[in-house]
Amino acid sequence: MKHLLVALLLIFAGNSVYSQKSRQIDELLTTYEKAYQFNGSVLVAEKGKIIFEKSYGYRNAPKKENNTNNSLYRIYSTTKIFTAAVILKLEQQGKLSLDDKLSKYYPKFPKGDSITIKNMLSHTSGIPQEAEGSEYTVNEETLLKCLTRKPLDFSPGKGWNYSNSNYYLLGYIIKKVTGIEYDQAIEEFILKPLKMTHSGFHFNQLENENKAFGYEFMSGENSNEALRFKTDHPFAAGAMYSTVEDLYKFSEAFYKGQILEANVVKNMYTPYLNERYGFGQEIYKTPNLDKVLVGHSGGGPGYRCRFIRDVEQDIAIIVLINSEMIPGDKISEDITSIVYNKPYKKTTIGKVNKEDLYGIEGIYSSPEATFYVNIIDGMVIINGDIIPRIPLNPVTKTFYKIYENNTFNFNTDQTGKVKSITVSNPMGVKNAEKISNTFPWGIIGNATPSGWDGKDIILQTRKDNPDFYYLKNYKLKTGELRFRLNSDWGNSLALNNDDESLCYDGYNINIKEDGFYDIVLDMTIKSKPKYSIKLSDQ
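Note on numbering: residues in each chain are counted from 1, in written sequence order. Note on the predicted model: pLDDT of at least 70 is required for a residue's local features to be given, and 80 or more for side-chain atom pairs to be given and counted; whole-chain, interface and lining totals, by contrast, use all residues. The side-chain values count all of the structure's non-hydrogen atoms but skip hydrogen atoms and water molecules.

As named in an unreviewed UniProt entry, the protein is Beta-lactamase, taken from Chryseobacterium piperi. UniProt positions are given in the numbering used here, feature names are shortened, and annotations may be inferred rather than shown by experiment. Regarding the protein, the relevant UniProt record gives this comment under Subcellular location (unreviewed entry): "Membrane".

Here it is in structure tokens:
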């Protein structure tokens, strides 16, 4: 009886701790959700027991359809774990060796006799990152043409550089060795055996009521979908979709030796020429923790993924997000701190009146960096040379932050007018002067007189609406163009895969014939840009 009582007390104590962690995680995510800064699903498990699983925000924002624990998200580079696992499985079966040279599969690949599969798994091959755009991964032939005309970044095995190209090639090697398509191989080796029935490829073609759409900005009817690739890009480097529960199934099976032998898995998350990367595995040294966590993150247009495992303590943390305006790294770090009972700074989202908000809006520039600060649906959105597009949390009307050690101070003159910004982060402090209160948008491309390498053709603005840009009766040639802010490739708008709506980093807009055109870029609703390019009526 005494032993039974002790066991019951231990169970009660454990459940109490789990309940406390669950409440704290929910409080954290609810705070971000209310500020429109979290949209997704989270699962946390300890010792084979799910202690937290909940979803927030919308999977379809215009229709206000909520995310659920069954929501399907793109996981981007987390796909690399699956690709690496199949390569290691094929080695176990004696169908290939990690020491195989790339030249075995591609005899004409430059210096292919000095690049091994091991090099590609660990990003130590020197093969450069593929050119921007999904057109380079349409097929094997196109990819090879792109890669073979570029020199290696460094001698194989002598450096480290994260490059999706390695995993594109590994995907095609899987096809060569197995005789089936890459996605079918992933399904046969992993998805089917683990009954991961809510995971797969070809997300664009997927018709499922649980599909979570990926957004650039989320603001109800004014939400704007992020770029949807026209192909199943980025192939073996990041084309999968999944759910938190399916990824948990994989985490349990993979790290407990049910797919590969335990020593093989351990070797995969042993650093190889880079303290933070093994074979398809990232190694995380989390701030405020003396733990080494493994897994792989993923990120691309519309989606973010964090897939984490503490192998020693049997802990899994999975975060799936379907909006770009999310401080995903910060949220994942805070969740991790809660799981390990470590202190973390509770997030508070301050409020600033509209007049003060618009006082900080503009372009800030220094010799080192340029920053763009936009007010979009009441949120302060910043991006620039060293910062992806992300919301800032107000502390005061001139002081904002993302993390405790990543702050933004808007400096004012004696009249209270904002003159500059000071950006502080672990890499140092940068000061930039405010050079413009407005945003000069233009067009660039071979349909314009300047071509792709020339200067932008700056659009005019209306006096009554500085966010409405236009050119009337402007001569364009047959070709392509896109809209660009301040001649900055980090801020270019073009077409989503529907060839109608605008999104950042989209596909070029086609001009089908020479002529004089009326061009409009309407940024009145910045979260949902609109455009028209029509032949003039002259």
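A. Quick look at the sheet that holds strand 24 (residues 465-476). The pairing criterion for strands is at least two bridges between them, as found by DSSP. To qualify as a helix, a DSSP run of H or I must reach at least 4 residues; to qualify as a strand, a run of E must reach at least 2; elements of each kind are numbered from the N terminus. Pairing is antiparallel across the open sheet formed by four strands, whose spatial order is 23-24-29-30. A strand with exactly one partner marks an edge of an open sheet, and here the two such strands are strand 23 (460-462) and strand 30 (530-535). Strand-to-strand, the axes of this sheet are offset by a mean angle of 25 degrees, without reference to chain direction. As defined by bridge partners, strand 29 (residues 515-522) adjoins strand 30 across six bridges and the pair is classed as antiparallel. Directly across from Asp518, in strand 30, lies its bridge partner Lys534. Between N-to-C directions, angles span 0 to 180 degrees; the directions come from axes that are lines fitted to C-alpha atoms, helices contributing only their stretch in contact.

B. Representation of the nonpolar core within the structure. What is meant by a nonpolar core is a set of buried Ala, Val, Leu, Ile, Met, Phe, Trp, Tyr and Cys residues, joined one to another through side-chain atoms within 4.5 Å. Throughout, exposure labels follow a simple rule: accessible area from a 1.4 Å probe, protein chains only, divided by the maximum for the residue type, with under 20% read as buried, over 50% as exposed, and the rest as partly exposed. Membership of the largest hydrophobic core comes to 79 residues, with the highest contact counts inside it found for Phe82, Ile117, Leu121, Leu169, Ile190, Phe250 and Phe254. Examining the composition of this core, we find that eight residues originate from one element, helix 2 (residues 79-92), more than from any other. Setting aside anything within four residues of it in sequence, one finds Phe82 in contact with Ile75, Ile186, Ile190, Leu191, Met196, Met240, Leu247 and Phe250. By size, the runner-up hydrophobic cluster in this structure holds 31 residues, among which are Met379, Trp441, Ile443 and Ile509. Contact definition: two residues touch when any of their heavy atoms are within 4.5 Å.

C. Here's a closer look at the environment of Ile331. Relative to the helices and strands, Ile331 is located in helix 9 (residues 328-339). The exposure class assigned to Ile331 is buried, which follows from its relative accessible area of 0%.

D. Quick look at the pattern of salt bridges. Any Lys or Arg side-chain nitrogen found within 4 Å of a carboxyl oxygen on Asp or Glu counts as a salt bridge. One pass over the full model with this rule turns up 23 salt bridges. In this structure, Glu181 and Lys175 form a salt bridge, with 3.2 Å as the shortest nitrogen-oxygen distance. A relative accessible area of 38% means that Glu181 is categorised as partly exposed. You can call Lys175 partly exposed: its relative accessible area is 32%. Salt bridges sharing common partners tie together Glu252, Lys256, Arg309 and Asp314.

E. The arrangement of the environment of Ile317 in detail. Relative to the helices and strands, Ile317 is located in strand 12 (residues 315-321). Taking C-alpha positions, Ile317 is 9.5 Å from Ser251, a pair spaced 66 residues apart along the chain. Once residues lying within four places of it in the same chain are set aside, the contact partners of Ile317 are Leu43, Val44, Arg306, Phe307, Ile308, Ile335, Thr336 and Val339.

F. Seen up close, the domain arrangement of the protein. Assigned domains within the protein: domain 1 (53-340), domain 2 (354-436) and domain 3 (441-535). Domain segmentation is taken from an automatic or database assignment of domains. The gap between the C-alpha centroids of domain 2 and domain 3 is 27 Å. Tallying the contact residues gives 11 residues for domain 2 and eight residues for domain 3. When the buried area of domain 2 at its contact with domain 3 is split by residue, Tyr372, Ile376 and Arg389 rank highest and sum to 57% of it. Run the count over domain 2 and domain 3 and you get one salt bridge. Glu361 is the partner of Lys526 in a salt bridge, and the nearest nitrogen-oxygen pair spans 2.6 Å. Polar contacts, as used here, are pairs of N or O atoms within 3.5 Å; protein pairs need one atom able to donate a hydrogen and one able to accept it. Residues neighboring in sequence count only if both atoms are side-chain atoms. If you look at where domain 2 meets domain 3, you find seven residue pairs in polar contact (both at pLDDT 80 or more). Counting residues per element, the side of domain 2 that touches domain 3 draws most heavily on strand 14 (residues 370-376), at five residues. Residue polarity follows a fixed list, in which Ala, Val, Leu, Ile, Met, Phe, Trp, Tyr, Cys and Pro are nonpolar, Asp, Glu, Lys and Arg are charged, and the others, Gly among them, are polar. Taken together, the residues that form the side of domain 2 that touches domain 3 break down as four nonpolar, three polar and four charged. Two parts placed together each lose some accessible area under a 1.4 Å probe, and adding up what both lose gives the buried area.

G. Local environment of helix 4 (residues 140-148). All of the buried residues in helix 4 are Leu143, Leu144, Cys146 and Leu147. Along the axis of helix 4, the buried positions cluster into a sector of 160 degrees, meaning they face one direction only. Among the structural elements, helix 5 (164-178) are those in contact with the buried residues of helix 4. By the N-cap criterion, in which a side-chain oxygen at the helix start approaches the backbone nitrogen of a residue two or three places on, helix 4 is capped by Asn139, the distance to Glu141 being 3.3 Å. Here the arc refers to the set of directions running from the helix axis out to each C-beta atom.

H. Here's a closer look at empty space enclosed by the protein. A cavity here means a set of points on a 1 Å grid, drawn over the protein atoms and nothing else, where a 1.4 Å probe fits but cannot get out; a pocket is an open set with protein on both sides within 12 Å along at least five of seven lines, and a residue lines either one if it has an atom within 4 Å of a point. Grid points are joined across faces, edges and corners, and a volume is the space filled by probe spheres set on the points. In total, this model carries three cavities of 30 Å³ or more according to the counting rule given. As a volume, the largest cavity reaches approximately 140 Å³. Lining the largest cavity we find 15 residues, and of these Asn374, Ile376, Trp441, Tyr504 and Met523 sit closest to its centre. When contributions to the lining of the largest cavity are tallied by element, the ones reaching two or more residues are strand 14, strand 15 (379-384) and strand 24. Taken domain by domain, the makeup of the lining of the largest cavity includes at least three residues from each of domain 2 (354-436) and domain 3 (441-535). If you go around the second largest cavity, the residues you meet are Tyr32, Lys330, Lys345, Lys346, Thr347, Thr348, Asn393, Lys401, Ile402, Tyr403 and Glu404. It is strand 17 (residues 399-403) that contributes the most residues to the lining of the second largest cavity, three residues altogether.

I. Structural detail: the sheet that holds strand 11 (residues 303-310). Spatial strand order, 2-1-12-11-10-9: six strands in an open sheet with antiparallel pairing. Edge positions in the sheet fall to strand 2 (49-56) and strand 9 (282-285), since each has one partner strand and no second. Strand after strand, the sheet turns through a mean of 15 degrees between neighbouring axes, direction not considered. As paired strands, strand 9 and strand 10 (residues 292-300) are joined by four bridges and run antiparallel to one another. Following the sheet pairing, Tyr284 is matched in strand 10 by Leu293.

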